[in-house]
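Coordinate inspection notes
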Amino acid sequence: MKLQKVRLGEVLQLERIAVDVDPDAEYSQIGIRSFGNGIFHRDPCLGSELSKLKYFEVHPGRLIVSNIMAWEGAIAISGTSEQGFVGSSRFLSYQAVGDVDLRYLNYYFQSADGRALIKSVSTGTVTRNQTVSPRNLENAKVPLPDFAEQRRVADKLDAFMGKVNYTAGVMPSQEHARQLAISGLDRVLARWAEGTTRVDQVCSLVNDTVHPGQDHGHAKEFVGLEHISPHFGRRIGSRPLGDEKGRKFRFAPGDVLYGYLRPYLNKVWHADQHGLCSVEQYVLRPNGQMPAELIAACLRSKSTLNKVIDATHNLQLPRLRSGLLLAMDIPFIPAEHHERAIADVQGLEENARRLDELQQHRAELLTSLRPAFLNAAFSGQL
C-alpha cells in the first residue's frame, strides 16, 4: 500500500453554519462518545436551555471532531439520523474536499497512530480536556493511500466492525449471568423449602465492635464491601489489618456478612475465616435452625433482593435498616433437607460463576478485536 503524507487542510474543510438560537424553539444536540463509539443524541431542549456556547448546524456525511476529547477517540461521522441536529462550538464539522474517504480517516484516528497524531496536536494541562484547534488539526499530516485503497480498507473495516458490534449487542452480558444466578437461587431454595421464616428466627445480629487500638482477636484481615462481589457471594479481596481508623465489626467463620449500604448491590458473603468488616455490613450469626450457606443464599436470592430494593429505592443513599432485614421472610428449609439443599446451591453457584467468567472472557476478546482490526488495516495487512 503506497502512502502519501497529506495535510488534513488539503482534504478537509471546516463547515460552520451558525444557528440563530430562538429561546422558544426546540433543539436537538449531538454528543460524541470516546473510543470511536460514535455519535449520540441528547434530549431535545428549548433554545433558552442551551449553554452560552455558539451552536452550528450538523449535516450528514461530515467528520465530527470533539475539540476537547478527540485525543480519546471522540471523532465520528454524522449520518442521516443527525439531519436537523445542532452541535456546540465544541464540535468541529468537516466535509471532504479532496480525494479522501471520511470513513478511512475516522478509522485512522481510532488507531494507535491516529490517536498519537491527535494527541500531538492537542494542547492543555487538564487531564481529560485537551483541546485541538482547527488550525492545528488542519496542519497535521496523515498518511493516505489513493482513494480506491481508502475505500477498500474502509469497506472491510465497516464489515468487520459491523459484525463485532452485532455480536456484542446480541450476546448475553455478565448482567444476564448475575440475574440467572440470583433467580436460580429462588428455584433451588423453593425445591427444598417448607414454608417461610423470618430472618431473625434463624440468625441474630452481632455487633462485636472493635475500636482503633483494641485487640483484633483472631482477626488478621479486613473484608469490606469492596471485597465482596455483587450477587455471587464471593470474596474477591481483603487487606491485612494495620492501624485501623474508625470502628469495625468482628466476624467469625460461619457468620453471614450483609452489606446494608446500597443493598441493591447484593453483597452477601458466608464468612470462612475470622476478620473485621465495615460498619456498613451487618454480621448475622446463625442459631442452628438453618446453616449459614442457606441463609446467605436466601438473602442473596432475587426474591429477597426485590423486597430490599422496594424498601430502599426512594432513599437518596439507600440503606437497609436492620429491623427491616431481620423481619423479612425467607424460605425455611428443614434440617432433613439441609445437606441436599446446600449441594444444589453450591452446584448452581459454581455453574453461574463459570458462566460469568466465560462471558467476561468473551467480552474481553470482542473488545480486543477492534484495535486488532485497526492495527491490521493501517499496517497494510488487511
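Whatever comes next refers back to the structure up there.
Source: prediction; values computed, not measured. (Residues numbered from 1 in each chain as written. Predicted model: local features only at pLDDT ≥ 70, side-chain atom pairs only at ≥ 80, totals over all residues. Heavy atoms only, no water.)

1. Let's talk about a nonpolar patch on the surface
Residues Tyr264, Leu265 and Ile309 make up a contiguous nonpolar surface patch of about 220 Å² in total accessible area. Here tyrosine 264 shows up in the loop between strand E21 (256-259) and strand E22 (268-270). (Patch = residues over 30% accessible without salt bridge, like charges linked within 9 Å, V, L, I, M, F, W, Y side chains within 5 Å. Areas by Shrake-Rupley, 256 points an atom, 1.4 Å probe, with all protein chains shown as cover. Salt bridge = Lys/Arg side-chain N within 4 Å of Asp/Glu carboxyl O. Helix = DSSP H or I, 4+ residues; strand = E, 2+ residues; numbered from the N terminus.)

2. Quick look at the nonpolar core
One finds Leu8, Leu63, Val65, Leu105, Phe109 and Leu157 to be the most contacted residues of the largest nonpolar core, which totals 49 residues. Looking at which element gives the most residues to this core, the answer is helix H2 (residues 102-110), with 6 residues. Among residues more than four places away in sequence, those in contact with leucine 157 are Tyr107, Phe373, Leu374, Ala377, Phe378 and Leu382. Residues Tyr258, Leu284, Leu294 and Ile330 belong to the second largest nonpolar core, which totals 31 residues. (Core = buried A, V, L, I, M, F, W, Y, C linked by side-chain atoms within 4.5 Å. Buried < 20%, exposed > 50% of the residue type's maximum accessible area, 1.4 Å probe, protein only. Contact = heavy atoms within 4.5 Å.)

3. Some thoughts on the packing of helix H6 (residues 174-192) against helix H7 (residues 292-300)
Contact geometry for H6 and H7: axes closest at 8 Å, N-to-C directions at 125°. With respect to H7, the axis of H6 lies oblique. The two elements H6 and H7 meet at a crossing, and its hand is left-handed. On the side of H6, the interface is formed by Ile182, Leu185 and Leu189, while H7 contributes Leu294, Ala297, Cys298 and Arg300. In terms of residue class, the contact of H6 with H7 is made up of 6 nonpolar, no polar and 1 charged. (Axes fitted to C-alpha atoms, helices over the stretch in contact; angles between N-to-C directions. Parallel < 35°, antiparallel > 145°, perpendicular 65-115°, else oblique. Left-handed = near helix turned anticlockwise from the far one by under 90°. Nonpolar A, V, L, I, M, F, W, Y, C, P; charged D, E, K, R; others polar.)

4. Side note on the packing of aromatic side chains
All told, the structure shown has 6 aromatic pairs when counted by the stated rule. Judged by centre distance (5.8 Å) and plane angle (85°), the ring pair of phenylalanine 251 and tryptophan 269 falls under edge-to-face. Within this pair, whereas phenylalanine 251 is found in strand E20 (residues 248-251), its partner tryptophan 269 is found in strand E22, the two being separated by 18 residues in sequence. (Phe/Tyr/Trp six-rings, centres within 6.5 Å; stacked < 30°, edge-to-face > 60°.)

5. Comments concerning the environment of histidine 211
Mapped onto the elements, histidine 211 comes out in the loop between strand E17 (209-210) and strand E18 (221-223). In the structure, histidine 211 is positioned 66 residues away from cysteine 277 in sequence and 12 Å away in space, judged by C-alpha atoms.

6. Quick look at the pairing of E21
Neither face of E21 is exposed, since Val256 and Tyr258 on one face and Leu257 and Gly259 on the opposite face are all buried. In this sheet, strand E24 (residues 281-286) lies alongside E21 in antiparallel orientation, the contact comprising 4 bridges. From the neighbouring strand, glycine 259 faces E24, where its bridge partner is glutamine 281. (Pairing = 2+ DSSP bridges.)

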